[in-house]
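Tertiary structure, described
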Amino acid sequence: MAGCGITLLFFFLGWLIPAIFFSLITLFILYFFRDPERPHNPAEKSVLTPADGKVLEVRKVPSDDNPLGHAALKVSIFMSLFDVHVNRIPVQGTIRKIDYTPGKFFSADLDKASRYNENNRVLMETVDSQKLAVIQIAGLVARRIACWVEEGDKVSSGQRFGLIRFGSRLEVFLPADSRMVVQKGDKVKAGQTVIGYLS
């Protein structure tokens, strides 16, 4: 890692203040990109949260305001700089479509971030043909969205599928008849916390 090399160089040269500064930056980067193991054994029909963070809203949305094309339930999750930023698959199934859209970089905790920010839409289909969507949304500081799955991939609940760097937002769209078990203000952990159950 470049940060470690620069830090060691400053220590070698005896430049204490820059060395300490770059040590702190390096430690923060290592902390930010941590990727803990998350053992899980999801119950049948359960939907796991794809992201760590705080639930901003849970609400029903009309067909013209979501990627499923019909009325759906929307869960918005805000990831602060201190949350794990590795995203995980919510249910077992198949990746049907991935659609990346460039955009702006409003603060991810604002509602307009959903509409205007850079985002990556991942449409999934479960083994019993129900459709879900996960949208990775860049934030004020985040400038890059990583997605590690491709269209046609078979995926498992809790599987790592992407990353958004340095503060961001993630939204999940479930069928409207799903039973939600989280609410605004809840803290959730990717690959472990159940946010709802499919019908």
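Shown above is the structure to which this text applies.
A brief report on the enclosed structure follows. (Residues numbered from 1 in each chain as written. Predicted model: local features only at pLDDT ≥ 70, side-chain atom pairs only at ≥ 80, totals over all residues. Heavy atoms only, no water.)

**Some words on the sheet that holds strand β10 (residues 160-164)**
Convention followed: Here, a strand pair is defined by DSSP locating no fewer than two bridges between the strands. Strands here mean DSSP runs of E at least two residues long; helices mean DSSP runs of H or I at least four residues long; both are numbered from the N terminus. Interaxial angles span 0 to 180 degrees and are taken between N-to-C directions of axes, which are lines fitted to C-alpha atoms, for helices over the stretch in contact.
Overall, antiparallel pairing links the three strands, which are arranged β4-β10-β8 in an open sheet. At either end of the open sheet lies a strand with only one pairing partner, and these are β4 (86-88) and β8 (145-147). Strand after strand, the sheet turns through a mean of 25° between neighbouring axes, direction not considered. Alignment of β8 against β10, held across three bridges, turns out to be antiparallel. When the bridges of β10 are listed, Ile 145 appears paired with Ile 164.

**Section: the nonpolar core**
Convention followed: The nonpolar core is taken to be a set of buried Ala, Val, Leu, Ile, Met, Phe, Trp, Tyr and Cys residues, with the residues joined through side-chain atoms within 4.5 Å. Remark: exposure states derive from per-residue accessible area (1.4 Å probe, protein chains only) relative to the maximum for the residue type, with buried under 20%, exposed over 50%, and partly exposed in between. Any two residues whose heavy atoms approach within 4.5 Å at even a single point are treated as in contact.
Ranked by internal contacts, the top residues of the largest apolar core, which has 26 residues, are Val 47, Ile 95, Met 124, Leu 174 and Ile 195. The set of elements that each furnish at least two residues to this core consists of β3 (72-79), β6 (119-126), β7 (131-138), β10 and β11 (168-175). If sequence neighbours within four positions are ignored, Leu 174 has contacts with Val 47, Leu 68, Ala 72, Leu 73, Leu 132, Met 180, Ile 195 and Leu 198. In this structure, Val 61, Ala 72, Ile 135 and Phe 173 belong to the second largest nonpolar core, which totals seven residues.

**With respect to the environment of Ile 164**
Position of Ile 164 among the secondary structure elements: in strand β10. The class of Ile 164 is buried, set by a relative accessible area of 0%. Residues Ile 164 and Cys 147 lie 17 residues apart in sequence; the distance between their C-alpha atoms is 8.7 Å.

**Considering the side chain of Gln 136**
To be explicit about the condition: Any N or O atom pair separated by 3.5 Å or less is treated as a polar contact, with the protein-specific requirement of one donor-capable and one acceptor-capable atom, and with residues adjacent in sequence counted only for side-chain atom pairs.
Within the secondary structure, Gln 136 sits in strand β7. For Gln 136, the side chain forms a polar contact with the side chain of Asn 87, separated by 2.9 Å.

**A look at the pairing of strand β14 (residues 194-197)**
With three bridges connecting them, strand β1 (residues 46-48) and β14 associate as antiparallel partners. Bridging from a neighbouring strand, Ser 46 pairs with Tyr 197 of β14. In terms of strand pairing, strand β12 (residues 179-180) meets β14 through two bridges, oriented antiparallel. Bridge pairing in β14 links Arg 179 to Tyr 197.

**Side note on the sheet that holds β12**
Spatial strand order, β1-β14-β12: three strands in an open sheet with antiparallel pairing. Strand pairing shows two members of the sheet lacking a second neighbour, β1 and β12, which therefore form its edges.

**Quick word on the environment of Lys 131**
Take Lys 131: it is sitting in strand β7. Expressed as a C-alpha distance, the spacing of Lys 131 and Ile 95, which sit 36 residues apart in the sequence, is 9.9 Å. Not counting the four nearest positions on each side in its chain, Lys 131 is found in contact with Leu 68, Met 124, Glu 125, Phe 173 and Pro 175.

**Considering the pattern of salt bridges**
Filter applied, for reference: Between Lys or Arg on one side and Asp or Glu on the other, a salt bridge is scored when a side-chain nitrogen of the former is within 4 Å of a carboxyl oxygen of the latter.
Across all of its chains, the model carries eleven salt bridges by this definition. With a shortest N-O distance of 3.4 Å, Lys 74 and Glu 57 are connected by a salt bridge. Here Glu 57 lies in strand β2 (residues 53-61) and Lys 74 lies in strand β3, a separation of 17 residues in the sequence. Linked through salt bridges whose partners overlap, the residues forming this network are Glu 57, Arg 59, Lys 74, Arg 169 and Glu 171.

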